[in-house]
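Okay, here's what each chain looks like letter by letter:
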Amino acid sequence: MGVMSWTLHGTGRSVSPGAAVAPEERLTWPRTIGIGMQHVVAMFGATFIVPVLTGFPPATTLFFSAVGTVTFLLITRNRLPSYLGSSFAFLAPIAAAKASGGPAVALGGVLLTGVLLALIGLVVTRVGVHWIEVVMPPVVTGAIVALIGLNLAPVAWGSCGDGGCTGFQASPVTALVTLASIILATVLFRGILGRLAILLGVVVGYAVAAVRGEVDFSAMHDAAWIGFPSFMAPHFDLAVLGLFVPVVFVLIAENVGHVKSVAAMTNRDLDPMIGRALLADGVATTLAGVGGGSGTTTYAENIGVMAATRVYSTAAYWVAAATAFVLSMSPKFGALVASIPGGVLGGATTVLYGMIGILGARIWVQNKVDFSDPVNLTTAAVALIVGIANYTWVAGDVRFEGIALGTAAAIGIYHLMRVLARWRGTHDEPASPASVPSGAELDKV
């Protein structure tokens, strides 16, 4: 199979119950385009939050998101479906770096993070992934994936302040209509319509929001049809570059979790692709740092879309990247997508973020993680609470929140308890877990 070629899944018009569209397959192009657009809807809100919070140009971030996704697909040989969006792990270090040296210095930190991640990817590609498997066994990776999704729960619910409300709280009626539309479309429609439930729900929710006067069309009216994103060169300052080093660890966990999740969903051994995934994300983040974009990561939101549609075709991600590129070059189109109100996004993310959390639990099920083992039980328990409650630790100008701390807790607690149990002889060594789920188990999820 060439990089840009896919075999047609069946007739290409539908996916049979219990079946799935593999990465090297695709549906008909109209259906594939629809799935790709659904991925854009899933990633768009979160991808734009990071530049809005950091002050980087949103169009530039979207441009490098598209470039990063293409880079990822090429480096992983079109075998690993993923969209690269803005990473929330960069929020704190970028803010600290900008405060001390300006946005160019912050970009230098983003670039350094990308280079370090790419180097780690090269090491994993050459020497293997075993050391990562030892550091992050299934109980740890499952906890990381689950806490990433569950940590996002407050984002779906939203908050209220002087500038109004966000998420579900922005408009409970619109959010409920969106959520109900997604649920009903999933069970009422057959074939591709049922698998486009999230996109259909967003369209219905947007229409309801427009009727209720919740959509602001002024920005779209004033925006130009064509416009190029602005670029900025990085500047290096050793005084702040150290702030970005911890981000590398978070990105490793996110990428490994993504590969493990896709492996669980597609019933394949994708561990050999972990090195390429790390390398690809590192290169994409480096490119973003070179030109003024936010650092990238494999996007959890799109895991939810794949879980809902059971379409894992990389063709859909090429469509998503192309759509994001066009959007970055068209301020008017960008304003249209950006006009999706908070209530609609709140309803859609209620489904998506919950699916991400459940995928973490599925990793435990597929790998037969034994929770009668107190080490496994404690590891998952503490990590989930840290992630869900969004525990926060501030060290100087650096702020670590739930995902980073939960990841560190999962890895640290697991290995500390194993070492102490081995030393005291209070615990039997666990059997080596399977890395790939069986097809029968996967069909039950």
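Residues numbered from 1 in each chain as written. Predicted model: local features only at pLDDT ≥ 70, side-chain atom pairs only at ≥ 80, totals over all residues. Heavy atoms only, no water.

S.K.: What is the right way to look at the overall build of the chain in this model?
M.R.: Counting secondary structure elements, the chain contains 21 helices and eight strands. In the chain, 79% of the contacts between residues at least 6 apart in sequence involve partners at least 24 apart. For the chain, the computed accessible surface area is about 18200 Å², with 68% contributed by carbon and sulfur atoms. (Helix = DSSP H or I, 4+ residues; strand = E, 2+ residues; numbered from the N terminus. Contact = heavy atoms within 4.5 Å. Areas by Shrake-Rupley, 256 points an atom, 1.4 Å probe, with all protein chains shown as cover.)

S.K.: Would you mind showing me how to read a nonpolar patch on the surface here?
M.R.: Together, Leu-184, Val-187, Leu-188 and Phe-189 make up a nonpolar patch on the protein surface, roughly 420 Å² of accessible area in all. Among the secondary structure elements, Phe-189 is positioned in the loop between helix H8 (172-188) and helix H9 (191-195). (Patch = residues over 30% accessible without salt bridge, like charges linked within 9 Å, V, L, I, M, F, W, Y side chains within 5 Å. Salt bridge = Lys/Arg side-chain N within 4 Å of Asp/Glu carboxyl O.)

S.K.: What is the right way to read the packing of helix H19 (residues 374-388) against helix H20 (residues 402-424) from this model?
M.R.: When two helices pack together, their arrangement is given by the angle between the helix axes and the distance between those axes. In the contact formed by H19 and H20, the axes pass within 8 Å of each other and the chain directions differ by 165°. On the basis of their axis angle, the class for H19 and H20 is roughly antiparallel. For the element pair H19 and H20, the recorded crossing hand is right-handed. Contacts from Pro-374, Val-375, Asn-376, Thr-378, Thr-379, Val-382, Ala-383, Val-386 and Gly-387 of H19 reach H20 at Gly-402, Leu-405, Gly-406, Ala-409, Ala-410, Ile-413, Tyr-414, Met-417 and Arg-418. Partitioned by chemical class, the residues of the contact of H19 with H20 number 11 nonpolar, six polar and one charged. (Axes fitted to C-alpha atoms, helices over the stretch in contact; angles between N-to-C directions. Parallel < 35°, antiparallel > 145°, perpendicular 65-115°, else oblique. Left-handed = near helix turned anticlockwise from the far one by under 90°. Nonpolar A, V, L, I, M, F, W, Y, C, P; charged D, E, K, R; others polar.)

S.K.: Explanation requested: the packing of aromatic side chains in the structure shown.
M.R.: Given two aromatic rings, one states the distance between the centres and the angle between the planes to describe the pair. Going through the model one piece at a time under the given rule, you end up with seven aromatic pairs. With 5.9 Å between their ring centres and 85° between their planes, Trp-6 and Trp-29 make a pair best called edge-to-face. Taken together, the positions of Trp-6 in the segment before strand S1 (7-8) and Trp-29 in helix H1 (residues 29-54) put the pair 23 residues apart, joining distant regions of the chain. Seen in terms of ring centroids, Phe-63 and Phe-231 are 5.5 Å apart; in terms of plane orientation they differ by 75°. Their pairing is edge-to-face. With Phe-63 in helix H2 (residues 58-75) and Phe-231 in the loop between helix H11 (218-222) and helix H12 (238-241), the pair connects residues that are 168 residues apart, well separated along the chain. Put simply, the rings of Phe-63, Phe-64, Phe-231 and Phe-325 pair up and form one aromatic cluster. The positively charged end of Arg-424 is found above the aromatic ring belonging to Trp-423, 5.9 Å away from the centroid. (Phe/Tyr/Trp six-rings, centres within 6.5 Å; stacked < 30°, edge-to-face > 60°. Lys NZ or Arg CZ within 6 Å of the ring centre and 35° of its normal.)

S.K.: Where do I start with helix H18 (residues 342-366) in this structure?
M.R.: Helical geometry: 3.6 residues make up each α-helical turn, so side chains three or four residues apart lie on a common side. For H18, with 25 residues, the first-to-last C-alpha span of 35 Å sits near the 36 Å given by 1.5 Å per residue. A bend of about 30° at Thr-349 is the largest found in H18. Lys-368 sits one or two residues past H18 and shows a positive phi near 55°. (Expected span 1.5 Å × (residues − 1). Bend = angle between axes of the 7 residues up to and from the residue.)

S.K.: Teacher, can you tell me more about helix H14 (residues 274-291) here?
M.R.: With 18 residues, H14 should reach 26 Å at 1.5 Å per residue; the first-to-last C-alpha distance of 26 Å fits that figure. With its phi angle positive at about 115°, Gly-292 sits one or two positions after the end of H14.

S.K.: Is there a simple way to explain the nonpolar core in this structure?
M.R.: Judged by nonpolar contacts, the single largest core of 74 residues is most densely connected at Ile-132, Met-136, Val-140 and Ile-274. With 10 residues, the single largest contributor to this core is helix H13 (residues 245-266). Val-140 has contacts with Thr-379, Ala-410, Ile-411 and Tyr-414, leaving out every residue within four places of it along the chain. Ala-197, Leu-199, Val-202 and Ile-340 belong to the second-largest nonpolar core, a separate cluster that totals 24 residues. (Core = buried A, V, L, I, M, F, W, Y, C linked by side-chain atoms within 4.5 Å. Buried < 20%, exposed > 50% of the residue type's maximum accessible area, 1.4 Å probe, protein only.)

S.K.: Help me understand the confidence of the model for the chain, please; the structure alone is not making it clear to me.
M.R.: For residues with low pLDDT, the predicted coordinates do not support detailed interpretation. Per-residue pLDDT for the chain averages 81, and the proportion of residues at 70 or more is 87%. Predicted confidence in the chain is weakest over helix H21 (residues 439-444), with a mean pLDDT of 30, and strongest over H14, with 94. Here residues 431-445 is modelled with pLDDT under 50, and outside its nearest four sequence neighbours on either side it reaches 30 contacts, counting other chains as well. (pLDDT = per-residue confidence, 0-100.)

S.K.: Teacher, can you tell me more about the pattern of salt bridges here?
M.R.: Where side chains of opposite charge bring their charged atoms close, a pairing between them can arise. Under the defined criterion, the tally for this structure stands at four salt bridges. For Lys-260, the salt bridge is made with Asp-271, and the minimal N-O distance between the two is 3.3 Å. You can see Lys-260 sitting in helix H13 and its partner Asp-271 sitting in the loop between H13 and H14, a full 11 residues away along the chain.

S.K.: What is the right way to read the side chain of Thr-285 from this model?
M.R.: With respect to the helices and strands, the residue Thr-285 is situated in helix H14. For Thr-285, the contacting residues outside a window of four places in its chain are Phe-90, Val-110, Gly-114, Gly-295 and Thr-296.

S.K.: Looking at this structure, how should I read the environment of Val-290?
M.R.: Structurally, Val-290 is set in helix H14. Taking the C-alpha atoms as reference points, Val-290 and Leu-112, 178 residues apart in sequence, are found 9.9 Å from one another.

S.K.: Looking at this model, I keep getting lost on the packing of helix H6 (residues 138-151) against H18. Mind explaining?
M.R.: Orientation of H6 relative to H18, taken along the N-to-C sense of each, is 170°, at an axis distance of 7 Å. Overall, the two elements H6 and H18 adopt an arrangement that is roughly antiparallel. On H18, the residues that touch Pro-138, Val-139, Thr-141, Gly-142, Ala-143, Val-145, Ala-146, Gly-149 and Leu-150 of H6 are Tyr-353, Ile-356, Gly-357, Leu-359, Gly-360, Ile-363 and Trp-364. Partitioned by chemical class, the residues of the contact of H6 with H18 number 11 nonpolar, five polar and no charged.

S.K.: How do you make sense of unusual backbone geometry when you look at a structure like this?
M.R.: A negative phi angle characterises most non-glycine residues, just as the trans form characterises most peptide bonds. Even without being a glycine, Asn-267 presents a positive backbone phi close to 60°. Counting through the fold element by element, Asn-267 comes out in the loop between H13 and H14. According to the relative accessible area criterion, Asn-267 is partly exposed, its value standing at 31%. Positive phi is not limited to glycine here, since Lys-368 has a value of about 55°. The exposed category is assigned to Lys-368, whose relative accessible area is 61%.

S.K.: Would you mind showing me how to read the environment of Ile-75 here?
M.R.: Locating Ile-75 in the fold gives a position in helix H2. Judged by its relative accessible area of 18%, Ile-75 falls in the buried class. Counting along the chain gives 204 residues from Ile-75 to Leu-279, while the straight-line C-alpha distance between them is 7.8 Å.

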